[in-house]
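These are the residues of each chain, in order.
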Amino acid sequence: MTAATTAVHIRPARPADAAALSYLSHQAESEWGDLLAFADGSIVLVAERQGEVVGYSLSRARSCSGTAPEGEIVALYLDPPQHGRGIGRHLFAATADALWQRGCASLMLWVRTENRPARAFFVHLGGDEGDEQLSEADGTAMETSYYWSHLAPGQFAPPAG
């Protein structure tokens, strides 16, 4: 592990993070304030580096009829200057662990089809490419799903050393 990644701290978001989350997501601070009240059961984690929020994830457990809930990562974002430091993997791992602790047996997410770096990242983490959401206007792929059929604690933890 490099010095860049050892300084990363992943933690649950707090109401005081609303301004940083608003900046990163380009959503109104009031929207984050409402979400951080955790009224809907969402899990919001932030990645801190040198005391600054540099990324976040938003996830939830989705009910599946007759089976354990499925985890869904609704958003996983990292400030572009932080890419390549291992922070995204730490954030993804912590998010998957939080979903597993909520009883989720599997995990899925959607990513913009044009976002090739993100798609490669999810494949690298073992995600299986799934369905595509198509544009109603011209039928082109807008989003692609990735799926992990089995979650286990620590499954995505970055290698030590």
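Residues numbered from 1 in each chain as written. Predicted model: local features only at pLDDT ≥ 70, side-chain atom pairs only at ≥ 80, totals over all residues. Heavy atoms only, no water.

Draft legend 1. Quick look at helix α4 (residues 87-101). In this model α4 runs 21 Å from its N-terminal to its C-terminal C-alpha over 15 residues, within 8% of the 21 Å that 1.5 Å per residue would give. Residues of α4 that are buried: Ile87, Gly88, His90, Leu91, Phe92, Ala93, Thr95, Ala96, Ala98 and Leu99. The positive-phi residue at the C-terminal boundary of α4 is Gly103, with phi of around 95°. (Helix = DSSP H or I, 4+ residues; strand = E, 2+ residues; numbered from the N terminus. Expected span 1.5 Å × (residues − 1). Buried < 20%, exposed > 50% of the residue type's maximum accessible area, 1.4 Å probe, protein only.)

Draft legend 2. Highlighting the pattern of salt bridges. Using the criterion set out here, one finds six salt bridges in the structure. Glu48 is the salt-bridge partner of Arg11, the closest N and O atoms lying 3.1 Å from each other. Of the two residues, Arg11 sits in strand β1 (residues 8-12) while Glu48 sits in strand β2 (residues 43-49), which places them 37 residues apart along the sequence. For Arg11, a relative accessible area of 6% puts it in the buried group. Note that Glu129 is salt-bridged to Arg119, the shortest N-O span being 3.1 Å. (Salt bridge = Lys/Arg side-chain N within 4 Å of Asp/Glu carboxyl O.)

Draft legend 3. Highlighting the nonpolar core. Judged by nonpolar contacts, the single largest core of 25 residues is most densely connected at Phe92, Leu107, Leu109, Phe122, Trp148 and Phe156. Elements that contribute at least two residues to this core include exactly β2, β4 (70-78), α4, β5 (106-112), α5 (116-124) and β7 (141-148). If we skip the residues at most four places from it in the chain, Phe92 touches Ile73, Leu76, Leu107, Leu109, Phe121, Phe122, Leu125, Trp148 and Phe156. In terms of nonpolar packing, the next biggest core, distinct from the first, is built from 13 residues, Ala13, Leu36, Tyr56 and Ala75 among them. (Core = buried A, V, L, I, M, F, W, Y, C linked by side-chain atoms within 4.5 Å. Contact = heavy atoms within 4.5 Å.)

Draft legend 4. Molecular detail of the sheet that holds strand β6 (residues 128-134). Across the sheet, seven strands lie side by side as β1-β2-β3-β4-β5-β7-β6; this open sheet has mixed pairing. Bordering the open sheet on either side are β1 and β6, each of which pairs with just one other strand. On average, adjacent strands in this sheet sit at an angle of 25° to one another, irrespective of strand direction. Strands β2, β3 (52-62) and β4 of the sheet are contacted by helix α2 (residues 18-25), whose axis makes an angle of about 85° with β3. Where α4 meets the sheet, its contacts fall on β1, β2, β3, β4, β5 and β7, and the angle it forms with β4 comes to roughly 155°. (Pairing = 2+ DSSP bridges. Axes fitted to C-alpha atoms, helices over the stretch in contact; angles between N-to-C directions.)

Draft legend 5. Up close: the confidence of the model for the chain. Per-residue pLDDT for the chain has a mean of 87; in total, 91% of the residues score no lower than 70. The model gives residues 1-5 a pLDDT under 50, and that stretch makes eight contacts with residues more than four places away or in other chains. (pLDDT = per-residue confidence, 0-100.)

Draft legend 6. Focus on the packing of α4 against α5. Between α4 and α5, the least distance of the axes is 12 Å, while the angle of their chain directions is 55°. With respect to α5, the element α4 is oriented oblique. Handedness of the crossing formed by α4 with α5: right-handed. Contacts between α4 and α5 involve Gly88, Arg89 and Phe92 on the former and, on the latter, Phe121, Phe122 and His124. (Parallel < 35°, antiparallel > 145°, perpendicular 65-115°, else oblique. Left-handed = near helix turned anticlockwise from the far one by under 90°.)

Draft legend 7. Region of the structure containing α5. Restricting attention to buried positions, one finds in α5 the residues Ala118, Arg119 and Phe122. What you see down the axis of α5 is that its buried residues fit within an arc of 100°, all on one side. Exposed and oriented more than 90 degrees from the buried face of α5 are Arg116, Pro117 and His124. Measuring from the side-chain oxygen of the N-cap residue of α5 to the backbone nitrogen of Ala118 gives 3.1 Å; that N-cap residue is Asn115. Once α5 finishes, Gly126 follows within two positions and takes phi at roughly 95°, a positive value. (Arc of directions from axis to C-beta. Polar contact = N/O pair within 3.5 Å; in protein donor to acceptor, adjacent residues only side chain to side chain.)

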